[in-house]
Amino acid sequence: NAGVTQTPKFQVLKTGQSMTLQCAQDMNHNSMYWYRQDPGMGLRLIYYSASEGTTDKGEVPNGYNVSRLNKREFSLRLESAAPSQTSVYFCASSDPHRGRMNTEAFFGQGTRLTVV
Amino acid sequence: EDKVVQSPLSLVVHEGDTVTLNCSYEVTNFRSLLWYKQEKKAPTFLFMLTSSGIEKKSGRLSSILDKKELFSILNITATQTGDSAVYLCAVRIQGAQKLVFGQGTRLTINP
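This structure is a prediction, so every number in the text was calculated from the model and none was measured.

When helices and strands are counted, chain B shows 0 helices and 11 strands. Its helices and strands in sequence order give chain B the pattern β-β-β-β-β-β-β-β-β-β-β, from N to C terminus. Against the compact-globule benchmark of 13 Å for 111 residues, chain B has a radius of gyration of 14 Å, which places it among compact chains. By principal-axis analysis of the C-alpha atoms, chain B measures approximately 45 × 30 × 20 Å. In chain B, buried positions account for 46% of the 111 residues. A separation threshold of at least 6 residues defines the contact pool for chain B, and within that pool the share at least 24 residues apart is 54%. Accessible surface for chain B amounts to roughly 5,300 Å². Of this, 49% is attributable to carbon and sulfur atoms. Of the charged side chains in chain B, 13 are positive and 10 negative, and the gap between their average positions amounts to 7 Å.

Turning our eyes to something else, we now look at the pattern of salt bridges. Two side chains with opposite charge may pair up if their charged atoms get near one another. All names here are of chain A. According to the stated counting rule, one finds 6 salt bridges over all chains in the structure shown. A salt bridge links R36 to D38; the nearest nitrogen and oxygen atoms lie 3.1 Å apart. With relative accessibility at 8%, the residue R36 sits in the buried group. Among the charged side chains, a network of salt bridges with common partners joins R36, D38 and R44.

Once that is clear, we can look at the environment of A50 of chain A. Turning to its location among the elements, A50 of chain A is positioned in the loop between β5 (43–49) and β6 (56–57). For the pair formed by A50 of chain A and A82 of chain A, sequence separation is 32 residues and the distance between their alpha carbons is 28 Å. Sequence-distant contacts of A50 of chain A, that is, excluding residues within four places in its chain, are made with N30 and S31 of chain A together with A96 and Q97 of chain B.

Attention now moves to the sheet that holds strand β7 (residues 61–66) of chain B. Within a sheet, each strand pairs with its neighbour through backbone hydrogen bonds, oriented either parallel or antiparallel. Residues and elements named next belong to chain B. Taken in spatial order, the 5 strands of this open sheet run β1-β3-β8-β7-β6, and their pairing is antiparallel. On the outer flanks of this sheet lie β1 (3–7) and β6 (56–58), each paired with one strand and no other. Mean inter-strand twist for the sheet, computed between neighbouring axes without regard to direction, equals 15°.

Cis rather than trans, the peptide bond between T7 of chain A and P8 of chain A has omega equal to -5°. For P8 of chain A, the location among the structural elements is in the loop between β1 (4–7) and β2 (10–13). Not every positive phi belongs to a glycine, and N28 of chain A is a case in point at roughly 60°. Summarising the element assignment, N28 of chain A is placed in the loop between β3 (19–25) and β4 (31–37). Relative accessible area serves as the criterion here: at 46%, N28 of chain A is assigned to the partly exposed category. The backbone of A78 of chain B shows a phi angle near 45°, a positive value even though the residue is not glycine. Here A78 of chain B shows up in the loop between β8 (71–76) and β9 (85–93).

The next point concerns the interface of chain B and chain A. Listed as interface residues are 21 residues of chain B and, on the opposing side, 23 residues of chain A. Where chain B packs against chain A, one counts 0 salt bridges. The interface formed by chain B and chain A includes 6 residue pairs in polar contact (both at pLDDT 80 or more). Among the secondary structure elements, those contributing two or more residues to the side of chain B that touches chain A are β4 (30–38), β5 (44–49), β9 and β10 (99–101) of chain B. For the side of chain B that touches chain A, the leading source of residues is β4 of chain B, giving 5 residues.

Calculation rules
Residues numbered from 1 in each chain as written. Chains lettered and ligands numbered in written order. Predicted model: local features only at pLDDT ≥ 70, side-chain atom pairs only at ≥ 80, totals over all residues. Heavy atoms only, no water. Helix = DSSP H or I, 4+ residues; strand = E, 2+ residues; numbered from the N terminus. Rg over C-alpha atoms; globule rule 2.2 N^0.38 Å. Buried < 20%, exposed > 50% of the residue type's maximum accessible area, 1.4 Å probe, protein only. Contact = heavy atoms within 4.5 Å. Areas by Shrake-Rupley, 256 points an atom, 1.4 Å probe, with all protein chains shown as cover. Lys, Arg positive; Asp, Glu negative; His and termini not counted. Charge placed at Lys NZ, Arg CZ, Asp CG, Glu CD. Salt bridge = Lys/Arg side-chain N within 4 Å of Asp/Glu carboxyl O. Pairing = 2+ DSSP bridges. Axes fitted to C-alpha atoms, helices over the stretch in contact; angles between N-to-C directions. Polar contact = N/O pair within 3.5 Å; in protein donor to acceptor, adjacent residues only side chain to side chain.

This is how it looks when you write it as structure tokens:
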């Protein structure tokens, strides 16, 4: 089982460039999440998707957009990268079906993004 | 605003000591509280707590939830150097399926 797969693992961008972080899960989960992790800040929720076709803002959505392409995939886009977006990004998923909507979240291995 | 606060932010102890990590929360509609351990990369799941007063246990780790006082603790007994990690607490919000994390506690176990 692959679980949650994120690509790329590392990326360096110049200020103003755009890019999309990809996330896919093969566990048939309904809910998917994007977090960023900065030193001493824990995980901060950027956007989440409770089910296919829905997305909602988390704590720190500014500068990001998301797409829940289908049940498997949830992408995060930086339209114009800024140095403040240098961080480690984690995708996660949970909740296999409506009858089981409170399970633990499984995480991808993270994307280390540096904006110079 | 949903908020999860962990304390201490950092803790250094000697191998064999017992540690207690704290997590308090203020959220709109509580569903469950989860504990994770993060070493180099992705967080790995430890416990999920939904009911007050029921201890969850796995080896030397245990956790309990108090829904009246809005907090949880994670205990680790007879610590080992392999317990060194960042421990994360998260709260799931009912309905929205939102999962909000605290800042984490960085635990260092010295031999």
